[in-house]
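Per-entry structural report
So you can see what is in the structure, the chains are spelled out below.
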Amino acid sequence: MHLWEKVQRNHGLEHATISLLLARVQEGAIAGRPLAGYSVPGGFVVMGDLPTEGVEEAAEQALARMQAGEGHLAVSPFCGTNIVVAAGLTSVGALAGYRLASRGLAGLMRAFSNAALGIVAAQPLGRWVQARYTTSSDVGMMAVESVSAHTVGPLTVHWVATSFEG
């Protein structure tokens with residue numbers, strides 16, 4: 001398996017884990033709040049002041065649910081991919097609108113309207129880019145090996161190590 005495929009699968013599991021953690025925090029089942037995550041070929045991190053046992057339980061449950069067919073958990077509305085897609089669309093739209101409308105006030109108005117259109121279009125497009133390129137719900141041969149907590153200044157970072165069979 002290529003490194004990028006491992007990153008995509010870990011990214012999908014990261015999203016699912018954070019989704020379950022957010023639900024548990026809202027229910028009052030655990031204290032704290034996940035702030036962010038980041039995936040690499042060997043696993044992923046979950047940043048936030050959370051109990052390590054809660055992160056481990058969420059990761060294991062997320063993996064089991066994805067293996068049982070809940071692949072939708074791999075795509076998140078909070079993913080950085082959505083931000084990158086929105087930034088790209090709004091930037092290109094605004095620059096094109098300004099230049100094509102002969103600059104000046106008309107160009108500025110066109111730039112703002114194109115930027116707004118870019119933000120609206122980024123919602124479904126960002127999810128599509130995630131599902132197609134930056135995440136994968138194919139976690140059939142994955143396992144959560146371990147979860148460990150590390151403190152970096154005031155921030156708690158949980159490392160979730162994963163492995164792939166076959």
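See the structure shown above.
Numbers given for residues are sequential positions, taken from 1 along each chain in its written order. Only residues with pLDDT of 70 or above have their local features reported here, since the model is predicted, and side-chain atom pairs are shown and tallied only from 80 upward, although totals for entire chains, interfaces and linings are computed over all residues. Excluded from the side-chain calculation are hydrogens and water; included are all heavy atoms of the structure.

Under the DSSP-based scheme used, a helix requires at least four consecutive residues in state H or I and a strand at least two consecutive residues in state E, with every element numbered from the N terminus. A tally of regular secondary structure across the protein chain gives 4 helices and 4 strands. Counting from the amino terminus, the protein chain carries its helices and strands in the arrangement α-β-β-α-α-α-β-β. For the protein chain, the C-alpha atoms occupy an extent of roughly 60 × 35 × 30 Å along the three principal directions. Residue burial in the protein chain is summarised as follows: out of 166 residues, 39% are buried. Restricting to contacts in the protein chain with at least 6 residues of sequence separation, those with at least 24 account for 67%. Throughout, the Shrake-Rupley method with a 1.4 Å probe supplies accessible areas, and for residues the shown protein chains are the sole cover considered. Looking at the protein chain as shown, the accessible area adds up to about 9,200 Å², and 61% of this sits on carbon and sulfur atoms. Charge counting follows a simple rule: Lys and Arg are positive, Asp and Glu are negative, and His as well as the terminal groups are ignored. By convention, charge coordinates are those of NZ in Lys, CZ in Arg, CG in Asp, or CD in Glu. Mean positive and mean negative side-chain charge positions of the protein chain (10 and 12 charges, respectively) differ by 21 Å. Burial here depends on accessible area, computed with a 1.4 Å probe over protein chains only, as a share of the maximum for the residue type. Under 20% is buried, over 50% is exposed, and the range in between is partly exposed. Pairs of residues are marked as contacts when any of their non-hydrogen atoms sit within 4.5 Å.

In this analysis, a patch consists of residues with relative accessible area above 30% that form no salt bridge, clustered at 9 Å for like charges and at 5 Å for the nonpolar side chains Val, Leu, Ile, Met, Phe, Trp and Tyr. Here, a salt bridge means any side-chain nitrogen of Lys or Arg that lies within 4 Å of a carboxyl oxygen of Asp or Glu. Residues Tyr98, Leu105, Leu108, Met109 and Phe112 make up a contiguous nonpolar surface patch of about 550 Å² in total accessible area. Inspection of the secondary structure assignment puts Leu108 in helix α4 (residues 104–134). Judged by relative accessible area, Leu108 falls into the partly exposed class, the value being 40%.

Here we take up the pairing of strand β1 (residues 36–40). Strand pairing requires that DSSP identify at least two bridges connecting the strands. Two elements, β1 and strand β2 (residues 43–47), share 5 bridges in a ladder whose sense is antiparallel. Within the sheet, the bridge partner assigned to Ala36 lies in β2 and is Met47. In sequence, β1 turns back onto β2 through a hairpin of 2 residues.

A few words on the sheet that holds strand β4 (residues 155–164). One open sheet accounts for 4 strands, arranged β1-β2-β4-β3; its pairing is antiparallel. At either margin of the open sheet sits one strand with a lone partner, and together these are β1 and β3 (142–152). Sheet twist, expressed as the mean angle between neighbouring strand axes with direction ignored, is 20°. The sheet contact formed by β2 and β4 spans 5 bridges and is antiparallel. Each axis is a line fitted through C-alpha atoms, taken for helices only over the stretch in contact, and angles between the N-to-C directions span 0 to 180 degrees.

All right, on to the packing of helix α1 (residues 3–27) against α4 then. The packing of two helices is summarised by the inter-axis angle and the distance between the axes. Here α1 crosses α4 at 135°, and the two axes come no closer than 9 Å. One way to sum up the angle between α1 and α4 is to call them oblique. Contacts between α1 and α4 pair Trp4, Gln8, His11 and His15 from the former with Gln130, Arg132, Tyr133 and Thr134 from the latter. Just so you know the grouping, Ala, Val, Leu, Ile, Met, Phe, Trp, Tyr, Cys and Pro go in nonpolar, Asp, Glu, Lys and Arg go in charged, and all remaining residues, Gly too, go in polar. In the contact of α1 with α4, the residues fall into 2 nonpolar, 5 polar and 1 charged. The labels follow the angle: roughly parallel below 35 degrees, roughly antiparallel above 145, roughly perpendicular from 65 to 115, and oblique for the rest.

Turning our attention to helix α2 (residues 52–67). The end-to-end C-alpha separation of α2 is 23 Å, in line with the 22 Å expected for 16 residues at 1.5 Å each. What α2 keeps buried is the set Gly54, Val55, Ala58, Ala59, Ala62, Leu63 and Met66. Along the axis of α2, the buried residues cluster in a sector spanning 160°; they form a single face. Gly69 sits one or two residues past α2 and shows a positive phi near 110°. A helix's residues, less one, multiplied by 1.5 Å, set its expected span. Each direction from the helix axis to a C-beta atom contributes to the arc, which is the arc of those directions.

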